[in-house]
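Understanding the architecture of this molecule
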Amino acid sequence: MAKRVYQVWKGNNIFFLSGRLIFGPDARSLLVTLLLLIAPVVIFCVFVARHLRHHFSSYNAGYAIIVAAIVFTIHVLVLLFLTSSRDPGIVPRNSHPPEEEFRYDTSASVEVGGRQTPSLQFPRTKEVMVNGLPVRVKYCDTCMLYRPPRCSHCSICNNCVERFDHHCPWVGQCIGMRNYRYFFCFVSSAALLCIFVFSISAYYIKVLMDDHKGTVWTAMKESPVSVILMGYCFISLWFVGGLTGFHLYLISTNQTTYENFRYRADNRINVYDRGCLNNFSEVFCTPVKPSKNNFRALVQEESQRPPMPISRDNAEPEEPGDGRRMKVEDDLDIGGDLLKISQRHNIEDIEADIRSRGSDVPHHNSSEGDSALGSDRRPPGVQSEPTRHPNWGRSGSWDIGNEGNFANSKEALQSV
């Protein structure tokens, strides 16, 4: 049965609902974030907002505080869900390196089988034009691609992410091109929720002071939960409020967190800055690009790649000794065959062997057979044509010599 993309995904992501939701490997941290958001709001509604239901002049106008707290919390949770459960802008990785970038490095050759072969190399960087200025992009060995501008490889999720900002453990996901606006809205909304809870809790302290005509300490003793909520919201506001201000600065200058921390001391020209208004419009007013990954699609079987053509310049030169080596191997095979024949016990085996080579070959006496087969009785200096059976040769192209071969051998003996 064919598998789907999310089932064979090479990143460290976690998928739910058959690939419809994608999270980072630290998605469990979302439980902590949910607890930090929901628990204070529940406590606020039960111990603070409930006592303010009938406090205002309009009848039951105090219910608006509870409704506002619940609706605001749901809004924050939806933004959190949109931030953490969607594709942040993952660049699909390649199954093979880009062929157009192949090049041979003859200086870094590898010895294989006693031969020096050129090694295959990739340019580690290359330049692309962005807004009329050159920008250097790097090659990713893991994803086997040249990263687009502003793209970086997340070591936690093991993916290349477009317009990579950072990996946020509180949302359990990378923050990139497709979920940055939701992340900013989540952080800023959480900051506003902290301000709302802090303000209403402080107002309730004032109400208790007016009702009991006491000091602030008396009111705080009447509602210690309000004091705890005020302290919690004050501390949280330092984090989410400070993060909101920092990202407002990044948006106005069209930077990412990664770029700001890495290139802060380089004094580089920001080629992406198009002015404050256009920078805000790029983040909040442009449509979100569709995902480049269809995690629920069926995995297509990859076709076999043809071998990469090698130019004549890069081809290995043929060693001059190759032909000579093949000839030596053939001579050894011939000598082995002749040795087997010479070890026959009687002349009948030799004659039978000669007769098996063809009916047109005449019979000779033992001396002629020995001279033809290279026995020890052959006079020195006389070389005969080695004869082979068609089945003895590896190539199958060996032929039996004709009658002239034996006649020539006999004439050579008589001349001696």
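An account of the accompanying structure is given in this report.

The rules behind the values
Residues numbered from 1 in each chain as written. Predicted model: local features only at pLDDT ≥ 70, side-chain atom pairs only at ≥ 80, totals over all residues. Heavy atoms only, no water. Phe/Tyr/Trp six-rings, centres within 6.5 Å; stacked < 30°, edge-to-face > 60°. Buried < 20%, exposed > 50% of the residue type's maximum accessible area, 1.4 Å probe, protein only. Lys NZ or Arg CZ within 6 Å of the ring centre and 35° of its normal. Helix = DSSP H or I, 4+ residues; strand = E, 2+ residues; numbered from the N terminus. Expected span 1.5 Å × (residues − 1). Pairing = 2+ DSSP bridges. Core = buried A, V, L, I, M, F, W, Y, C linked by side-chain atoms within 4.5 Å. Contact = heavy atoms within 4.5 Å. Lys, Arg positive; Asp, Glu negative; His and termini not counted. Salt bridge = Lys/Arg side-chain N within 4 Å of Asp/Glu carboxyl O. Polar contact = N/O pair within 3.5 Å; in protein donor to acceptor, adjacent residues only side chain to side chain.

We now examine the packing of aromatic side chains. Tallied over the entire structure, the rule returns twelve aromatic pairs. Summarising the aromatic geometry, the rings of Trp9 and Phe15 are spaced 6.5 Å apart at their centres and angled 80° between planes, so their arrangement reads as edge-to-face. Each member of the pair Trp9 and Phe15 is classed as buried. Directly above the ring of Tyr272 sits Arg150, whose terminal nitrogen or CZ lies 4.1 Å from the centroid. In this structure, Arg163 packs its charged tip against the face of Tyr180, placed 5.2 Å from the ring centre.

This part covers unusual backbone geometry. Non-glycine residue Ser18 carries a positive phi angle of around 55°. Counting through the fold element by element, Ser18 comes out in the loop between strand S1 (14-16) and strand S2 (21-23). A residue is classified by how much of its surface remains accessible, and Ser18, at 36% relative accessible area, is partly exposed. The backbone of Arg150 sits at a positive phi, close to 70°, despite the residue not being glycine. Here Arg150 is to be found in the loop between strand S7 (145-146) and strand S8 (152-154).

Take the side chain of Asn279 next. Positionally, Asn279 belongs in helix H7 (residues 276-284). Classification of Asn279 by relative accessible area gives buried; the value is 0%.

Attention now goes to the environment of Leu192. Position of Leu192 relative to the elements: it lies in helix H3 (residues 180-212). The exposure class of Leu192 is partly exposed, given its relative accessible area of 48%. On a C-alpha basis, the gap between Leu192 and Val76 in space is 9.8 Å, while along the polypeptide they are 116 residues apart.

A few words now on H3. Over its 33 residues, H3 runs 48 Å from end to end, which matches the ideal 48 Å to within 8%, given 1.5 Å per residue. Among the residues trailing H3, Lys213 stands out with phi positive, at a value near 50°.

Spatial strand order, S5-S6-S7: three strands in an open sheet with antiparallel pairing. Only two strands of the sheet have a single partner each, and these edge strands are strand S5 (125-130) and S7. Bridging between strand S6 (residues 133-140) and S7 involves two bridges; their strand directions are antiparallel. Opposite Tyr139, over in S7, you have Tyr146 as the bridge partner.

All right, on to the nonpolar core then. If you look at soluble globular proteins, the nonpolar side chains tend to sit buried side by side. Grouped together as the largest cluster of nonpolar side chains are 41 residues, with contacts concentrated most on Phe44 and Phe186. At the level of secondary structure, the elements contributing two or more residues to this core comprise S2, helix H1 (29-47), helix H2 (63-84), H3 and helix H5 (224-253). The element best represented in this core is H3, accounting for 15 residues. Once residues lying within four places of it in the same chain are set aside, the contact partners of Phe44 are Ala49, Ile65, Ala69, Phe196, Val197, Ile200, Ser201 and Leu229.

Two elements, S5 and S6, share six bridges in a ladder whose sense is antiparallel. Each residue of the ladder has a partner; that of Met129, found in S6, is Pro134.

This part takes up the side chain of Asp165. Note on placement: Asp165 falls in the loop between strand S9 (159-161) and strand S10 (166-168). For Asp165, which is buried and forms no salt bridge, the nearest opposite charge comes from Arg163, at a distance of 4.9 Å. Engagement of the side chain of Asp165 in a polar contact is seen with the side chain of His166, the distance being 2.5 Å. Sequence-distant contacts of Asp165, that is, excluding residues within four places in its chain, are made with Ile175, Tyr180, His247, Thr256, Thr257 and Tyr258.

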